[in-house]
Amino acid sequence: MASPVRVWLNRTYAENVFFMDQLRRNPADRAVEIHATHGDPDSPVLAAADTADLEPEGLSPAGYVEYALAQCARRGIDVFVPRLHQSAIVAHRAEFEALGTALLAPSPQAVSLFADKVIAYEAVRAVGVPVPPWWRVRTAEELVLAVEELEAGGHRACFKPASGAGGVGFRMVTRDPFSLAHLNGFPSPSVPLPLVVEALRAAEEPVDWLVMPRLEQPEVSVDLLTGPDNRVRLAVGRTKNGRRRGFTLHEQWLAPARRIAEAFGLHHLSNVQFRMYGDRPVLMDVNTRPAGGLHQLALCGVNVPWAAVRLALGDDPGELEPPFLGQDYAVVSGPRPLRPVSLPQQRPDLPAVPTPTVAPGPGSAHPAAPAQAPATSAPAGLT
């Protein structure tokens, strides 16, 4: 019998509990043991894992690489799926491989390129993928000029950090004065331009923002699996239009996503997002990691996490095509269990492992977690 495949996910998104579920339900019926680490003791990925540790806080990227190498050696990790400090980790790929650990992550060049959205837009446009107009803004004066130019063209301006992920820092600019209308109902991403200008002028250091037009729906997130040979093995689009979600294999979305993955070495799992600018799709963002919604492709009859692990281990799954496209769906929240006791904790039938020697920083105490809490979301009908 083949030995279990040992997979580690570090400080990943709560939704990746479904990624972990799919690894265990792989079509080869291969045993998989999952190790998870996180800075939050109440992360549901810790409860979903076979073994888990709290990560030390306050490590530099170089310090985190040392911690990660120690984890891989101590835990016998076969495949490491890094999210936190991904750039620093992939720069040391050879050291992980020397331990017998494969990194399920793109090349260092790809991670570095797509960490800066402005540089990424310039590079992607150079290979023929349409991008929206954009301005790099660091001061209040630059912001006002960009907003005025967009509004003169009939567009609504928005901004977000030039580096970042998950929609953090995204805001839409409005000319409406601040009033009770902004305080009624749920919080809105819209902010009055004068308040933004005032905040920028009062800031002690400049910002680094990308200003662009508000792009329209549908939003299409293309999930890609690409080999180290730069050949795409799988490309499927997930469509978002309000609450309604669905899938697409239309080449207007897949062709530019493949071009990006192949041109820039987006090896293993990545996600390329598009929206509409006028009547044509344009690039919105590129993620050099598995998307939180990747598990939703199970509705199309494919187990992408397992195919990615196979590829990372040198067992090429070949070109994959969904046998069908799942019906439209909605995403709803649901409960996931949490760890009932302090970490580190092992699955009862696995031997205990010594606590890492890396000293935890401030705030890294291990409080007990409640037994259960709503923590994440899944597509309706996907269990």
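Conventions adopted
- Residues numbered from 1 in each chain as written.
- Predicted model: local features only at pLDDT ≥ 70, side-chain atom pairs only at ≥ 80, totals over all residues.
- Heavy atoms only, no water.
- Pairing = 2+ DSSP bridges.
- Helix = DSSP H or I, 4+ residues; strand = E, 2+ residues; numbered from the N terminus.
- Axes fitted to C-alpha atoms, helices over the stretch in contact; angles between N-to-C directions.
- Contact = heavy atoms within 4.5 Å.
- 1 Å grid on protein atoms, 1.4 Å probe; cavity = no way out; pocket = protein on both sides within 12 Å on 5 of 7 lines; lining within 4 Å.
- Points joined across faces, edges and corners; volume = space filled by probe spheres on them.
- Buried < 20%, exposed > 50% of the residue type's maximum accessible area, 1.4 Å probe, protein only.

Naming follows an unreviewed UniProt entry, where the protein appears as ATP-grasp domain-containing protein of Streptomyces salinarius.

K.L.:
Pulling in residues and values, what's your account of the sheet that holds strand E9 (residues 190-192)?
P.N.:
Pairing within the open sheet is mixed, and its 5 strands lie in the order E6-E10-E7-E8-E9. Strand pairing shows two members of the sheet lacking a second neighbour, strand E6 (135-137) and E9, which therefore form its edges. If you compare each strand with its neighbour and ignore which way they point, the axes differ by 35° on average. Where strand E7 (residues 157-161) and strand E8 (residues 171-174) come together, 2 bridges link them in antiparallel fashion. Bridging from a neighbouring strand, Cys-158 pairs with Met-172 of E8. Sheet contacts for helix H8 (residues 140-152): E6, E7, E8 and strand E10 (209-213); angle to E6, the most-contacted strand, approximately 155°. Here helix H9 (residues 193-202) sits on the sheet and contacts E7, E8, E9 and E10; the angle it forms with E9, its principal contact strand, is near 75°.

K.L.:
Can you tell me about empty space enclosed by the protein, naming the residues and giving the values?
P.N.:
For the structure shown, the criterion picks out 4 cavities of 30 Å³ or more. Each pocket or cavity is described by its volume, and for the largest cavity that value is around 70 Å³. What lines the largest cavity is Leu-9, Thr-12, Tyr-13, Asn-16, Phe-19, Val-81, Pro-82, Arg-83, Arg-289 and Pro-290.

K.L.:
Let's hear about helix H7 (residues 117-126): which residues, and what values?
P.N.:
If you check which residues of H7 are buried, you get Lys-117, Val-118, Ala-120, Tyr-121, Ala-123 and Val-124. Each element contacted by the buried residues of H7 is listed here: helix H6 (108-114), E6, E7, E10, helix H10 (251-264) and strand E15 (280-287).

K.L.:
Can you explain the side chain of Ser-221? Please cite residues and give values.
P.N.:
Tracing the sequence through the fold places Ser-221 in strand E11 (residues 216-226). You can call Ser-221 buried: its relative accessible area is 1%.

K.L.:
Pulling in residues and values, what's your account of the sheet that holds strand E14 (residues 268-277)?
P.N.:
What the 5 strands build is an open sheet, ordered E13-E12-E11-E14-E15; its pairing is antiparallel. Since the sheet does not close on itself, it has two edges, and those belong to strand E13 (244-248) and E15, each with one partner. When the angles between neighbouring strand axes are averaged without regard to direction, this sheet yields 25°. Both strand E12 (residues 232-241) and E13 contribute to a ladder of 5 bridges, which runs antiparallel. Note on E13: the bridge partner recorded for Thr-239 is Gly-246.

K.L.:
Could you give an account of unusual backbone geometry, naming the residues involved and the relevant values?
P.N.:
Here the residue pair Gln-217 and Pro-218 is connected by a cis peptide bond, since its omega of 10° sits within 30 degrees of zero. Here Pro-218 is to be found in strand E11. Even without being a glycine, Asp-29 presents a positive backbone phi close to 55°. Mapped onto the elements of the fold, Asp-29 is located in the loop between helix H1 (17-24) and strand E2 (32-38). By relative accessible area, which is 70% here, Asp-29 ends up exposed. Phi at His-268 takes a positive value of approximately 65°, unusual for a residue other than glycine. Relative to the assigned elements, His-268 resides in strand E14.

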